[in-house]
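Spelled out from the first residue to the last, the chains are:
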Amino acid sequence: MAKNHDYTAEIVWTGDRGEGTKTYRGYDRTWRITTPGKVPIACSNDPMLGGDPSKPNPEDLLLASLSACHMLWYLHLASNAGIVVKRYEDTPLGVGETGSRGEGRFIRAALRPKIAVERGADLAKADSLHHEVHHFCFIARSVNFPISYEATYIEV
């Protein structure tokens, strides 16, 4: 039987320059994410839409969440399979498109982890685990765009 899990966050717009949204260019596209007991995250909109390029935007956060969820499940499955992972770094790529009305969406993502495994590891098995992760990862199971896996390995 499935169990429900509740997740909460508080999103607070921080971009009022004194006149609210009186004019389209008169406010900042910034906000703060707070979750109970955790460090706040200052965010902004995509720079193409007037956001602060020094802060994460929703698209960054979605891609990072997808990558992190995949990584955590990969480490779990690798441990269960007897594959010792020493280092895991990912540089995921999300590809989006914007329609004629300005509407956007992700059309695909590629996870591109560089994984250091203990010398002698079964690299074929290590690689096959990526295709098992999508059965478990909460984020991957929740998005409606294809995700590919382009992992590279080094033995240490």
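The rules behind the values
- Residues numbered from 1 in each chain as written.
- Predicted model: local features only at pLDDT ≥ 70, side-chain atom pairs only at ≥ 80, totals over all residues.
- Heavy atoms only, no water.
- Phe/Tyr/Trp six-rings, centres within 6.5 Å; stacked < 30°, edge-to-face > 60°.
- Helix = DSSP H or I, 4+ residues; strand = E, 2+ residues; numbered from the N terminus.
- Buried < 20%, exposed > 50% of the residue type's maximum accessible area, 1.4 Å probe, protein only.
- Pairing = 2+ DSSP bridges.
- Axes fitted to C-alpha atoms, helices over the stretch in contact; angles between N-to-C directions.
- Disulfide = S-S within 2.5 Å.

An unreviewed UniProt entry lists the chain under the name Peroxiredoxin, with Ralstonia condita given as the organism.

1. Things to note about the packing of aromatic side chains
Following the criterion strictly, the structure yields six aromatic pairs and no others. When the ring of Trp73 is compared with that of Phe136, the centres are 4.9 Å apart and the planes differ by 20°; the resulting orientation is stacked. Of the two residues, Trp73 is situated in helix 1 (residues 58–81) and Phe136 in the loop between helix 2 (123–133) and strand 8 (147–149); the sequence distance between them amounts to 63 residues. Its relative accessible area of 40% is what places Phe136 among the partly exposed residues. Ring plane angle 35° and centroid distance 5.3 Å describe the contact between Phe106 and Phe145, whose orientation is recorded as tilted. Residue Phe106 is found in strand 6 (residues 104–111), and its partner Phe145 is found in the loop between helix 2 and strand 8; the two are separated by 39 residues along the sequence.

2. Quick word on the sheet that holds strand 1 (residues 10–13)
Read across the sheet, three strands follow the order 1-2-3 without closing on themselves; strand pairing throughout is antiparallel. Every interior strand has two partners, whereas the edge strands, strand 1 and strand 3 (41–44), have only one. Recorded for the sheet is a direction-independent mean angle of 30° between the axes of neighbouring strands. Here strand 1 pairs with strand 2 (residues 30–34) via four bridges, running antiparallel. Along strand 2, the bridge assignment pairs Glu10 with Thr34.

3. Brief notes about the state of the cysteines
Every disulfide links exactly two cysteines, by a covalent bond between their sulfur atoms. On inspection of all chains with the given rule, the structure shows one disulfide. One disulfide in the model links Cys69 with Cys137; its S-S distance is 2.3 Å. Of the two residues, Cys69 is situated in helix 1 and Cys137 in the loop between helix 2 and strand 8; the sequence distance between them amounts to 68 residues. For the pair Cys69 and Cys137, one class covers both residues: buried. Take Cys43: it sits in no disulfide, and the sulfur closest to it among the cysteines is that of Cys69, at 19 Å.

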